[in-house]
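Residue-level structural notes
Here is what each chain is made of, one letter per residue.
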Amino acid sequence: MNEHGHTGKEHKEHQGHQNHHADMAADFRQRFWISLVLTLPILILSPLLQSLVGLRETIRFSGDVYVLFGLSSAVFWYGGWPFLKGLFAEIKSLKPGMMTLVAVAIGTAYLYSSAVVFGLTGKVFFWELATLVDIMLLGHWIEMNSVMGASKALEALAKLMPSDAHKLMPDGSVKDVPLGELAVDDKVLIKPGEKIPADGVVVKGESSVNEAMLTGESTPVMRKAGGKVIGGSINGEGALTIEVKGTGKDSFLSQVIDLVKQAQESKSKTQKLADTAAMWLTIIALGGGAITFLIWLVFMDQEIAFAIERAVTVMVIACPHALGLAVPLVVAVSTALAAGNGLLIRNRPAFESARKLQAVIFDKTGTLTEGRFGVTDTLVLADDINEDTLRKYAASVDANSEHPIAKAIANASETKLPVENFKSIPGKGAEGRVEGKEIKVVSPGYLSEQNIDHGDERVQPLQAQGKTVVFVLADGKLKGAIALADIVRPEAKQAIDALKALNIRCMMLTGDNKATAKWVSDQLGLDEYFAEVLPQDKAAKVKEVQSRGVLVAMTGDGVNDAPALAQADVGIAIGAGSDVAVETADIILVRSNPLDVVAIVQLSRATYRKMIQNLVWATGYNVVAIPLAAGALYAWGVLLTPALGAALMAVSTVIVAINARLLRLKAGSEHEAKAKPKPEDKVEANAGPKSKAKK
């Protein structure tokens, strides 16, 4: 394990991949500067440039042409070596590309110019050759830096882990150990402000934890005994003691890095199209260069030097460099951007399909709802009590119970009064003495047994909505009713509205009864819902929606919903937390936030737009540039030199790289611009203890 806490072959491969790009960037940089220095005397000794500045006779000396040849040979062999080596590699793989074009171009110019030096009648192309090599080296140096820049998110993730940890020894002492020595079930102390060294569970202490770099969630989260923490996140103001649950390649951070790396290296459908286009462009460029040479030499009766210059310019300007980079750079940037916002892409083609989604099916519990009860309504049924007092009495009694409904009622009031003689009423509720009164919090069944009629028309609609209603009695008299429901995530309504604004139908799957499902659907504004669906039947419901001819995404928790996630065109696992390796999901949302589904669609659409923009630019540039390079406007005095052609080709590549990087601003701003939850967006819904099927 290295100092950042990663182990195994995967990490070494990632490091090797990063080092390879860094080494290539350094190599191109060195070759560029050395070649540029050698180019200066080549320019001074070139006959054409000497004539242009009127110093032809002044600068000339005996043997200067051989000095020019020597300097140019150095630039050709040293500066041009990456292209010459690439030529043989492309020919060997039967995939001619950019390297082939550049190597043929500089090789043609060098061989012809060398022949002129040693007796052939004509003119030399040494200065064009040198400047062409310089510009190509500069272009590749910029490209390597762009590729490395697109992968910096991975480097930032890898650097999140601290180098060591404060391990608690059996004798109670604390020992600083390298991360490689940590094992599952070890106890580790994390001091305020320190990075958490491994995934684990808090066993002692309470503190806020900043998980922004891992989950994209900017607000620190509170962690206390029993809470999970993620390695690489930053501890806040309190000291924590954790029990290690995941280290090295099994940790959340390592899994994220592997997922991002796999996604960046995966071939998109659009990229395969670009690769094919680049190969054909290479063949066209080589053929175009040969045809251009023959036309100018044979049909236009020009000198061989002029014909070679035109052919070389065509081959250089037609390099499919921009076309080859058009998609991969966008892929790398979008994947890194997604990871930085807690959106992990496992299946690249599925992510690209998200732009065409026509329907999103949400699982209810744990996806649209939080999976926990909360008080939604308080009904006062007597004149001698108010709402606050009613909640306070009920909360005081239920604070002594472990039942989920009782816990929700206890949380509904900040004030708790002392309770005497607390007793549980099995299957019906609880009771206790509060401020001298016998308070009971009971179910409708208890009222029926005691022949107590609540007699209030407001209760029935709440029950019809699928909510759980309990009643509060004081000294045997009915005082009020409290309705509870599963808490709908505050962001769920916003997510549904945003998806519908994108012309995407929103549906819900739930094992709850129809009344509950209808209530949730009405509150969220869903287009459709399926109630009383057993977990094993969810995939069939997804297939049913697909049979309508629409592209469907399924959004669930990635556990019970695995068959449905696999059946959907795009499977989205939401709220995966630290269990990121959800094999059936195409996209994993680290945060339990339905709005991230909207972010996926927006990022997919923005990514596709960038791909198309780059492809249109790269192909359109060649459509215009190749005829110009061939000399189509020669009669009007427009003629491109090989060096100018190389410069235009390099500019085209830089434009494609910059446009890909702009995706970070575009999609990033869209993601950050998502509205904050508003109070009026908070709605409730019931998963209900009587649900037909639970998640």
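Every value quoted in this text rests on a predicted model; they were computed, and no experiment measured them.

Mapped onto this numbering, the UniProt entry gives "transmembrane region" (unreviewed entry) at residues 32-53, 65-84, 96-118, 277-299, 311-339, 615-637 and 643-663. Between the C-alpha atoms that bound residues 65-84 the distance is 24 Å, and the span itself is 95% helix and 0% strand. Measuring from the first to the last C-alpha atom of residues 615-637 gives 30 Å, for a span that is 70% helix and 0% strand.

What follows concerns the pattern of salt bridges. By the definition in use, this model includes 19 salt bridges. Put simply, Asp185 and Lys245 hold a salt bridge, and the shortest N to O gap is 3.4 Å. Taken together, the residues Asp185 in the loop between strand E2 (174-178) and strand E3 (187-190) and Lys245 in strand E9 (residues 240-246) connect sequence positions 60 residues apart. According to the relative accessible area criterion, Asp185 is partly exposed, its value standing at 45%. Given the relative accessible area of 42%, Lys245 is considered partly exposed. A salt bridge links Asp377 to Lys467; the nearest nitrogen and oxygen atoms lie 2.7 Å apart. In this pair, Asp377 is assigned in strand E12 (residues 369-380) and Lys467 in the loop between helix H20 (459-464) and strand E16 (468-474), connecting sequence segments 90 residues apart.

Moving on to helix H25 (residues 595-630). Counted at 1.5 Å a residue, the expected span for H25 with its 36 residues is 52 Å, and the 53 Å between its end C-alpha atoms agrees. Downstream of H25 by a residue or two, Gly631 has a phi angle that is positive, lying close to 100°.

Glancing now at the sheet that holds strand E11 (residues 359-363). Read from one edge to the other, the open sheet built from seven strands follows the order E10-E22-E21-E20-E11-E18-E19, with strand pairing classed as mixed. Two strands bound the open sheet, and with one partner strand each, they are strand E10 (343-345) and strand E19 (528-530). When the angles between neighbouring strand axes are averaged without regard to direction, this sheet yields 20°. Bridging between strand E21 (residues 570-574) and strand E22 (residues 587-589) involves three bridges; their strand directions are parallel. The partner of Ile572 across the bridge, within E22, is Ile587.

Another point: the packing of helix H21 (residues 490-501) against H25. Closest axis-to-axis distance for the H21/H25 pair is 8 Å, and the angle between their directions is 30°. With respect to H25, the element H21 is oriented roughly parallel. Contacts from Glu491, Gln494, Ala495, Ala498 and Leu499 in H21 reach Leu595, Val597, Val598 and Val601 in H25. Considering only residue class, the contact of H21 with H25 consists of seven nonpolar, one polar and one charged.

Counting residues in each nonpolar core, the largest one holds 40 residues, and the members touching the most others are Ile42, Ile106, Phe126 and Leu129. Elements with a contribution of two residues or more to this core: helix H1 (8-45), helix H4 (64-79), helix H5 (81-92), helix H6 (98-117), helix H7 (126-150) and helix H12 (304-317). Tallying contributions element by element places H6 first for this core, with 11 residues. If we skip the residues at most four places from it in the chain, Ile106 touches Phe76, Gly80, Leu129, Leu132 and Val133. Val360, Ala553, Val570 and Val597 belong to the second largest nonpolar core, which has 36 residues in total.

What follows concerns a nonpolar patch on the surface. On the surface, a cluster of nonpolar side chains totalling about 610 Å² of accessible area is made up of Ile291, Leu294, Ile295, Val298, Phe299 and Met300. Its place among the elements puts Ile291 in helix H11 (residues 269-299).

The next subject is the sheet that holds strand E7 (residues 228-229). With antiparallel pairing, the six strands of this open sheet are ordered in space as E2-E1-E3-E9-E4-E7. Each edge of the open sheet is held by one strand with a lone partner, namely E2 and E7. Relative to E9, E3 is paired through four bridges, and the arrangement is antiparallel. Its bridge partner being in E9, Leu189 is matched across the sheet by Thr241.

What counts, and where the lines are drawn
- Residues numbered from 1 in each chain as written.
- Predicted model: local features only at pLDDT ≥ 70, side-chain atom pairs only at ≥ 80, totals over all residues.
- Heavy atoms only, no water.
- UniProt positions renumbered as here; feature names shortened; annotations may be inferred.
- Helix = DSSP H or I, 4+ residues; strand = E, 2+ residues; numbered from the N terminus.
- Salt bridge = Lys/Arg side-chain N within 4 Å of Asp/Glu carboxyl O.
- Buried < 20%, exposed > 50% of the residue type's maximum accessible area, 1.4 Å probe, protein only.
- Expected span 1.5 Å × (residues − 1).
- Pairing = 2+ DSSP bridges.
- Axes fitted to C-alpha atoms, helices over the stretch in contact; angles between N-to-C directions.
- Parallel < 35°, antiparallel > 145°, perpendicular 65-115°, else oblique.
- Contact = heavy atoms within 4.5 Å.
- Nonpolar A, V, L, I, M, F, W, Y, C, P; charged D, E, K, R; others polar.
- Core = buried A, V, L, I, M, F, W, Y, C linked by side-chain atoms within 4.5 Å.
- Patch = residues over 30% accessible without salt bridge, like charges linked within 9 Å, V, L, I, M, F, W, Y side chains within 5 Å.
- Areas by Shrake-Rupley, 256 points an atom, 1.4 Å probe, with all protein chains shown as cover.

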